[in-house]
Amino acid sequence: MRVVGVADPFGLKTVELSQASAQPDRAASSAKNQHVYELDVDPLTRASERLSLKALIDFAERKVVDARVENTGYRGYEQILKDRAPSDVVAIASRVSGQGSGANSIAAAQALEMAYGVTPPPLATIVRSLGAAAELVASHVRHLFLVGGPDYSEATVAKTNPAFWIVAQQTSAAGEAVHGCRTIGDIMAGMNLFSGHLYREALHLTRTAAEVAALVFGKYPHPSSVFPGGIGIEANRATFQSVLGRINQLVDYSKKIVAIWDDLIEFFYAADPRFQQVGETQSNFISSGLWDDPAVYEPRFDRCNAWGERRMATPGVMVRGKLRTNKLTEISAGIEEFADRSFFSAWNGHPLKTDPLGVPLSPLHPWNKLTIPVPDAVEWNGTYTWDTAPRWDREPMETGALARQWITALSGKLKNEFIHTLGAPGKGTGLEIDLPKFQLPSQRIVWQIPERSNALERIRARAYHIGYCSVVALTYLLKAFDSLQRGETAMSARFRVPQEALGAGFWEDGQGSLMHYIMIANSQVVNYQIVTASGWMSSPQDALGIPGPYEKAMLSTPLIEDFGRPEECTGIDLLRAVRSFDP
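About the cut-offs
- Numbering of residues starts from 1 in each chain and follows the order in which that chain's sequence is written.
- pLDDT decides what is reported in this predicted model: residues at 70 or higher carry local features, side-chain atom pairs at 80 or more are listed and counted, and totals for whole chains, interfaces and linings draw on all residues regardless.
- Working from all heavy atoms in the structure, the side-chain values ignore hydrogens and water.
- Nine residue types can take part in a nonpolar core, namely buried Ala, Val, Leu, Ile, Met, Phe, Trp, Tyr and Cys, and a core is a set of them joined through side-chain atoms within 4.5 Å.
- Under the scheme applied here, a residue whose accessible area is under 20% of the maximum for its type counts as buried, over 50% as exposed, and between as partly exposed, the area being computed with a 1.4 Å probe on protein chains only.
- Helix and strand assignments follow DSSP, with helices taken as H or I runs no shorter than four residues and strands as E runs no shorter than two, numbered in order from the N terminus.
- For two strands to be treated as a pair, DSSP must find at least two bridges joining them.
- Axis definition: a line fitted to C-alpha atoms, limited for helices to the stretch in contact. Angles are taken between N-to-C directions and run from 0 to 180 degrees.
- For this analysis, residues touch if any pair of their heavy atoms sits within 4.5 Å.
- Note on definitions: salt bridges are taken to be side-chain nitrogens of Lys or Arg within 4 Å of carboxyl oxygens of Asp or Glu.
- The aromatic pairing rule takes the rings of Phe, Tyr and Trp, using the six-membered ring of Trp, and pairs them if the centres are within 6.5 Å, calling planes under 30 degrees apart stacked, those over 60 edge-to-face and the rest tilted.
- Charges are assigned to positions over rings by a cutoff of 6 Å between ring centre and Lys NZ or Arg CZ, combined with an angular limit of 35 degrees from the ring normal.

Caption draft 1: Examining the nonpolar core more closely. The biggest cluster of nonpolar side chains holds 125 residues, and the ones touching the most others in it are F145, W261, W291 and Y528. With 18 residues, the top contributor of residues to this core is helix α15 (residues 455–486). Within the second largest apolar cluster, 46 residues are counted, among which are I286, A333, V578 and F581.

Caption draft 2: Inspection of the sheet that holds strand β11 (residues 419–422) at higher detail. Spatial ordering of the open sheet is given by β11-β12-β13, a layout of three strands whose pairing is antiparallel. Of all the strands in the sheet, the pair left with one neighbour each is β11 and β13 (443–448). Strand-to-strand, the axes of this sheet are offset by a mean angle of 20°, without reference to chain direction. Looking at chain direction, strand β12 (residues 430–435) and β13 are connected through six bridges and run antiparallel. Looking at the pairing, E432 lines up with V446 of β13. Helix-sheet contacts for α15 involve β11, β12 and β13, and the interaxial angle to β12 is about 55°.

Caption draft 3: Local environment of the pattern of salt bridges. Enumeration according to the criterion identifies 37 salt bridges in this entry. Ionic pairing is found between D434 and R444, a salt bridge with its closest N-O pair at 2.6 Å. Here D434 is found in strand β12, whereas its partner R444 is found in strand β13, with ten residues between them in sequence. On the basis of relative accessibility, which here comes to 18%, the residue D434 falls in the buried class.

Caption draft 4: How the structure looks around the environment of L51. Relative to the helices and strands, L51 is located in strand β2 (residues 51–58). L51 gets classed as buried once you look at its relative accessible area, which sits at 6%. For the pair formed by L51 and G73, sequence separation is 22 residues and the distance between their alpha carbons is 8.2 Å.

Caption draft 5: Spotlight on unusual backbone geometry. A cis amide bond links D42 to the next residue, P43, at an omega of 0°. Examined against the element boundaries, P43 turns out to sit in the loop between β1 (36–41) and β2. Cis rather than trans, the peptide bond between Y220 and P221 has omega equal to 0°. Note on placement: P221 falls in the loop between α10 (197–217) and β4 (226–227). For F194, which is not glycine, the phi dihedral falls at a positive 70°. Position of F194 relative to the elements: it lies in the loop between α9 (184–190) and α10. Even without a glycine there, the phi angle at H222 is positive, about 60°.

Caption draft 6: Summary view of the packing of aromatic side chains. Applying the stated criterion across every chain yields a total of 24 aromatic pairs. Pairing F194 with Y199 gives two aromatic rings, centres 5.6 Å apart and planes at 70°, and the pair type is edge-to-face. Residue classification places F194 among the exposed residues on the basis of a relative accessible area of 61%. In this structure Y199 comes out as buried when scored by relative accessible area, which is 8%. Both rings, one in F240 and one in F481, keep their centres 6.0 Å apart while their planes meet at 80°; by these two values the pair is edge-to-face. Highlighted residues: F240 in helix α11 (residues 237–271) and F481 in helix α15, separated in sequence by 241 residues. One exposure class covers both F240 and F481, and it is buried. Here a set of aromatic residues connected by ring pairs shows up, and it is made of F145, Y152, F164, Y253, W261, F267, F268 and F275. Seen from the ring of F563, R62 lies directly overhead, with NZ or CZ sitting 4.3 Å from the centre. A cation sits over an aromatic face here: R68 above Y384, 5.4 Å from the ring centre.

Structure below.
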């Protein structure tokens, strides 16, 4: 991943500046154009109160000429965790995200397990993974119908593209037998905020998934039972029977979701082929993977490649559509965080020259990073956000359901009775997911790797991923029943807090990859760093001037919206582009 045989392998001069070839200041040049206006969305409603979108739009050309995504809030968890007892870590780290609180709890617990050298009993690993699968279902349903879905509703489409709405009312829905909507217009009406039947149904099913998470995490959100070495609930048949009834509902619901979104997405592609370009990025993907095999999970850094590749979602990195690695150690080693456009000061020093396996680490690697906030005014060509710019091998990375499924399918390493990869290992073409019979007949859904990464394909992947997550939850529930049958009911393992240690936790939430890094000295946390999915994707420009995925998606998006004057533009196409990432 690095230039070999140079004095400073992590210096910027050693990088081929293929993406950062000297570009003129777009903001300055655009300011002279009378057709260029600034669109400002603050906050990004239905998604994040902390995100602000700014775009310079050439309305004569109907294109975005420059864009900025600003994170307006500093949360400071890394500073809060510094100099605390390691026992505080899981409870505090779970607060990083409400809808991803279970995932952050697990990532923090795994970082501590690596530092402590403790392996949870198999049933504890099973129960954690069961809860994580339910949390992802809740997150994806919430996004598809409560956050992102209204962008494709009757209320939105009739206002921003009235011609599409007229056609939608006359277009039959191919999946009517599954989802019950006769026309595409009926689907759009069902997406309407608060009043739509699909919106209201999603509220109920989101709760059903959250109930599963609450049953196995003890409390949800922000689980009270996750800790290093295990999980603190009583494993019994009654609890798992309660979970089973809810998983049955989620599996059946997933059949309906795929049919809804396949119909809606194909309608938009047919209505205007430019939707292929909305939110398009260059297929740079990163995934930590998740859902461990209890037979092989052993939280040691020198073993993480072996158990990582056995996960139900395969870890990996892709650059411009090509798979670079599936090894967690290589994924970790390639990470750097740039603070050039952020409200953080650069940090000095390089305490860890290598990882525990002797692989060189950049001074900008999370284990070397220091969090030094420096509040300042927002400047278009200066600092403008509370996000750093994480990069893998100097490349911006997208993460989430699309990345997770694409890497898993392409790698061909997954072994699961309900999910099968299509094609040869390393050359996979898609996923085949068998949804078993419960109240609805059994159904096989097939997700194909798309030709491009764009807003609609992110949404399609998330729709299919609900089925994926539901049968993963069923897989772990069956494993839990088997463990009880064998009398293997241990849920925790003893450990001692070491004087000095390093640890890393690799997991995923609904938004995508999570990586937690901890350094312990004198039995206290001396450094804790979290690389979140939103950090990867809402990242600003880096030291080479390369924008992050949200900004790149905005720059790729054509204005399909029907409007006359610039002041009539709602920016719906840009909102669809950014909301498709589940920010």
